[in-house]
Structures are given as C-alpha cells and as structure tokens.
Amino acid sequence: MENVINRRPLFNPDGDIDVRNRRMINFNTTNMNDFNNLKYDWCSDWYRQAMNNFWVPEEINMNQDKSDYPKLSKPERTAYDKVLSFLVFLDSLQSANLPNISSYVTANEVNLCLSIQTFQECIHSQSYSYMIDTICNPDERNEIIYQWKDDEHLLKRNKFIGDLYNEFLEKQDKQTFLRVCIANYILEGVYFYSGFMFFYNLARNGKMPGSAQEIRYINRDENTHLWLFREILLELQKEEPELFTEENNQMIRDMIDEGVRQEIEWGQYVIGNQLPGLNERMVEDYIKYLGNMRCQGLGLGVLYEGYEDEPENMAWVSEYSNANMVKTDFFEARSTAYAKITAIEDDL
C-alpha cells in the first residue's frame, strides 16, 4: 500500500474540475467551492443543518445557575468544575486540530463542513467560558479551566487524544490520517458523553438549568460533528480499501475500546456514587452502549456483548439532549428538524 498523503494545494490552476474524479484525499483539487457540483451529496444536507444550528451562548439565561452553584453539594460542585475543565480542553483542542485535518482533505464540500465545525468548536469554548464567568470569580475561573494541569486523571484523559493529534502533526501519511480521524470520531462520539449526562442529571434534579441548556446546544452540534466524521471514514473505506485491513480494523476497535475504557474510568472518578440520580454502574452501562454504537457505525461489529441496547435507566439522556425538544435520532446524529436559535425555548 502506498502510504503517501498530499497536502491540499491553495492555488492550483492545473487542478481537475471533473467532480467524478474527486476523492477524500490525494485528489488534484482546484480548491474551488462550487455548491452546484458535489460528489458527496450528503455534505449539502449537513451544511444546511449546521448553518441552521447557529446559536449564541449569551442568549441563554444563567441567573438561576448563579444562585444554584454555591448551593451544590461538594460532590456536585467538584464534578461540575472537573467536567467543565475537561470540556474546555476538548473543544479548544478541536478548534486547533481540525485545520490540520482539513489541510489534507481534497474534497472541497467536505472542507466547507470542517470549516463550520471549527467555528462551532470555538462557540463551544466560548460557551464554557460564559458558564464559568457567570458562576464564579476570576481566581476560581482559572482554577477550573486549568485543572487538567494538576489533576492526574484529567491530564491522562487529555493525553490520549492529544498524543494522537500530535502524531499526525509529526508524521503525515495515510495511516496517521486514519488514526487522527478515528481519534476525532472517539472524541465526538464517546469522550463528551459522561460530561453531558452529568449536566442533564443536574437539570432533571432542578439545578443549573442554564448550564444544561448550553450543553444541549453543544450536544446538538456534536451530533452533527460525529456524523460528519463517520461519513468521512465511510467514504475512505470505499476509496482507500487498502487502509481497512483486518489489522487496521482491529486497531480501530482497540482505539474505540480504549476511549470507552478511559471514559468509564473518568466518569466513575468524577461522578462516583454520591450524586442523586447517577452512579458508576449507570456510567459504565451507558458508555459501553455508546462504544457499541460507534463501532457498529463503521461496520465493525459489537465491542461489548450485552450492551447493544440503550440502558432503560438512561433513556432520560436522549430526552434532555434535544435542544428544542424536536425529535432527534440522537445516536445516529441525524436531526429530523432544523431549528434556528430564535425558535428554541428553554423548557427546563
């Protein structure tokens, strides 16, 4: 297998304009954005949905959160701070790394989607800052944001994805491109979810409704990001079948398994058994279910026997994830209704 991957040119007057020849990587692209000539038709729907999902963090009322936060129990407040620190890091890393991936994607309609995703990750980072700035003073703010520097569990979490992203920076080839795409898929499809469920659990207990609503909007965006990278990987399976050997498929399964293992370990550490409505067993059952969904989404079968169905005691997560309470195919990341921010009401 030729393992070479070429950077996308910026100005290329000798590029190929035949859409039939377009490929996800290593295509001789003109780098022109032509919305009327797409090879990957699914990009059109994705683009429109992402544009319709636009929202502004400051439009969400955080007044109750400001009064709720000092009243949280010590386990709740500790979890809130640690989960926010983790989420700030993830979205900051995403906004920095997505342009690295895009530099080697030679399908312009896909790059348009990646550009929107990068913008949305910046909005997510802004929303976390807004949440933190609302509930605490500047000194506490910095302690929350940079907890990953001092908390060995949190640093370990960040290192797994961070090292995979750095690997592609240090060596660009098809193999490392595949691995960085899988790392992104794990981040979007596994890493966020114990954090999301924590905020939804607070909301169903009548606490921190503004934070939960911010997370709902972020969750909706992350669903589309997950779907985008799944489609990129499925297109690569068609166009670069030599990349998906039995050995590499097992590598992907192992990577997802490691992501699940770390998410369970982290979720149990930060959530534990002291929060009303959520415990370590629920975290493990739910994250293993997600791991199965992510693996099956790439056609790689089931990782965890007995965890194929959504745990009954976690059905509330998908209900709370709906930013505007419209029907959403949550785990397949396909929204069945588009809604602008002006049409969304805070129903918590």
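Look up a bit, the structure's there.
The text that follows walks through the structure, step by step, so that each part is easy to find. These numbers were taken from a predicted model, which means no experiment stands behind them. (Residues numbered from 1 in each chain as written. Predicted model: local features only at pLDDT ≥ 70, side-chain atom pairs only at ≥ 80, totals over all residues. Heavy atoms only, no water.)

Enumeration over the complete set of coordinates arrives at 19 aromatic pairs. With centroids separated by 5.3 Å and ring planes inclined at 55°, the aromatic side chains of F89 and W148 adopt a geometry described as tilted. Separated by 59 residues along the polypeptide, F89 in helix 3 (residues 74–102) and W148 in the loop between helix 5 (138–145) and helix 6 (152–170) bring together distant segments of the chain. A relative accessible area of 21% places W148 in the partly exposed class. The interplanar angle of 35° and the centroid separation of 6.3 Å between the aromatic rings of F160 and Y191 together place this pair among those described as tilted. Pair noted here: F160 is in helix 6 and Y191 is in helix 7 (residues 174–191), with a separation of 31 residues, a long-range link. An identical accessibility class is assigned to F160 and Y191; each is buried. (Phe/Tyr/Trp six-rings, centres within 6.5 Å; stacked < 30°, edge-to-face > 60°. Helix = DSSP H or I, 4+ residues; strand = E, 2+ residues; numbered from the N terminus. Buried < 20%, exposed > 50% of the residue type's maximum accessible area, 1.4 Å probe, protein only.)

Moving on to unusual backbone geometry. A positive phi angle, close to 60°, is found at N26, a residue other than glycine. Summarising the element assignment, N26 is placed in the segment before helix 1 (42–52). At N31, a position not held by glycine, the phi torsion is positive, near 70°. Here N31 is to be found in the segment before helix 1. Accessibility expressed as a relative area gives 15% for N31, which makes it buried.

On to the pattern of salt bridges, then. Once their charged atoms are close, side chains differing in charge can pair, the charge on each being opposite to the other. A complete count under the given rule lists 21 salt bridges for this structure. In this structure, E242 and K174 form a salt bridge, with 3.5 Å as the shortest nitrogen-oxygen distance. Of this pair, E242 sits in the loop between helix 9 (209–239) and helix 10 (246–271) while K174 is found in helix 7, placing the two residues 68 residues apart along the sequence. For E242, a relative accessible area of 31% gives the class partly exposed. A salt bridge links R281 to D285, with the shortest nitrogen-to-oxygen separation between them at 3.0 Å. (Salt bridge = Lys/Arg side-chain N within 4 Å of Asp/Glu carboxyl O.)

All right, on to helix 9 then. Here helix 9 spans 45 Å end to end across 31 residues, near enough to the 45 Å set by a 1.5 Å rise per residue. For helix 9, the buried fraction is high: 28 of the 31 residues fall into the buried class. (Expected span 1.5 Å × (residues − 1).)

The interhelical angle for the contact between helix 3 and helix 7, taken along N-to-C directions, is 150°, at an axis separation of 12 Å. Taken together, the axes of helix 3 and helix 7 are roughly antiparallel relative to one another. Relative to helix 7, helix 3 is oriented so that their crossing is left-handed. Contacts between helix 3 and helix 7 pair F86, L90, Q94, N97, L98 and I101 from the former with F177, V180, N184, L187, E188 and Y191 from the latter. (Axes fitted to C-alpha atoms, helices over the stretch in contact; angles between N-to-C directions. Parallel < 35°, antiparallel > 145°, perpendicular 65-115°, else oblique. Left-handed = near helix turned anticlockwise from the far one by under 90°. Contact = heavy atoms within 4.5 Å.)

Right, let's get into the environment of K238. Along the chain, K238 falls in helix 9. Here K238 falls in the exposed class, since its relative accessible area comes to 62%.

At a minimum axis distance of 9 Å, the contact between helix 8 (residues 193–204) and helix 10 shows a crossing angle of 30°. Classified by the interaxial angle, the pair formed by helix 8 and helix 10 is roughly parallel. Once helix 8 is placed against helix 10, the crossing between them reads as right-handed. Contacts from Y193, S194, G195, M197 and F198 of helix 8 reach helix 10 at E263, W266, G267 and I271. In the contact of helix 8 with helix 10, the residues fall into 5 nonpolar, 3 polar and 1 charged. (Nonpolar A, V, L, I, M, F, W, Y, C, P; charged D, E, K, R; others polar.)

It is worth spelling out the side chain of N158 at this point. Residue position: N158 is located in helix 6. If near-sequence neighbours (up to four positions away) are discounted, N158 is found in contact with F86, F89 and W148.

Another point: the nonpolar core. Core analysis: the largest hydrophobic core is formed by 109 residues, its most contacted members being Y80, V110, F177, M197 and I287. Here this core takes 12 residues from helix 3, the largest share from any one element. In this structure, Y80 is in contact with Y69, M131, I135, F198, F199, L202, M208 and S211, ignoring residues within four places of it in sequence. (Core = buried A, V, L, I, M, F, W, Y, C linked by side-chain atoms within 4.5 Å.)

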